[in-house]
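In case you want the letters, here they are:
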Amino acid sequence: MKINGPNPTNFNPYKQSIQPTTEPKSETNKKDQIEISSKAKQLQESASDPKRAAYLEELKKKIDAGEYNVDIDKTAQKMMDFWKK
């Protein structure tokens, strides 16, 4: 006497490994590509601004000489304004 459970009799758990799988086609001529956003281009241009470069150089000199003081109230206010947005 043969008793079949809830599974069909032709059920093969290894059927997927027996059948050949098709691998996705890959393009061998694919090349890397990069896109720079307009915002990034603006930031890049502002980094080469001579006025900003002079300002940064002045700040570096003040820091090296120990003359640069941070206004903590102004810094805290700017942080609060930034996080309120």
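Residues numbered from 1 in each chain as written. Predicted model: local features only at pLDDT ≥ 70, side-chain atom pairs only at ≥ 80, totals over all residues. Heavy atoms only, no water.

Visitor: How would you explain the overall build of the protein chain if you had to name every residue and give the values?
Guide: If you tally the helices and strands in the protein chain, you get 4 helices and 0 strands. For the protein chain, the residues scored as buried account for 1% of the 85 residues in total. Total accessible area on the protein chain stands at roughly 9600 Å², and carbon and sulfur atoms take up 53% of it. (Helix = DSSP H or I, 4+ residues; strand = E, 2+ residues; numbered from the N terminus. Buried < 20%, exposed > 50% of the residue type's maximum accessible area, 1.4 Å probe, protein only. Areas by Shrake-Rupley, 256 points an atom, 1.4 Å probe, with all protein chains shown as cover.)

Visitor: A description of the packing of aromatic side chains should follow, citing residues and the corresponding values.
Guide: Inspection of every chain in the model, using the stated rule, returns 1 aromatic pair. Their ring planes at 85° and their centres at 5.0 Å tell us that Phe82 and Trp83 sit as a pair that is edge-to-face. In terms of burial, Phe82 and Trp83 fall into one category: exposed. (Phe/Tyr/Trp six-rings, centres within 6.5 Å; stacked < 30°, edge-to-face > 60°.)

Visitor: Can you break down the pattern of salt bridges residue by residue, with the values?
Guide: Taken as a whole and assessed by the stated rule, the structure comprises 1 salt bridge. Across the pair Lys62 and Glu58 runs a salt bridge, and its minimum N-O distance is 3.7 Å. Note that Lys62 and Glu58 are positioned in helix 3 (residues 50–65) at a spacing of 4 residues, about one turn of the helix. Look at Glu58 and you get partly exposed, because its relative accessible area is 43%. (Salt bridge = Lys/Arg side-chain N within 4 Å of Asp/Glu carboxyl O.)

Visitor: Mind laying out the confidence of the model for the protein chain, listing which residues take part and the relevant values?
Guide: Low-pLDDT portions of the prediction should not be read for the details of their coordinates. When pLDDT is averaged along the protein chain, the result is 81; 67% of the residues meet or exceed 70. The secondary-structure element of the protein chain with the lowest mean pLDDT is helix 1 (residues 15–18), recorded at 63, while helix 4 (residues 72–84) shows the highest, at 95. (pLDDT = per-residue confidence, 0-100.)

Visitor: Just give me the short version of helix 3, but keep the residues and values in it.
Guide: Since the α-helix advances by 3.6 residues per turn, residues separated by three or four positions end up pointing in the same direction. With 16 residues, helix 3 extends 23 Å between its outermost C-alpha atoms, agreeing within 8% with the 22 Å of an ideal straight helix rising 1.5 Å per residue. Backbone geometry just after helix 3 places Gly66 at a positive phi near 80°. (Expected span 1.5 Å × (residues − 1).)

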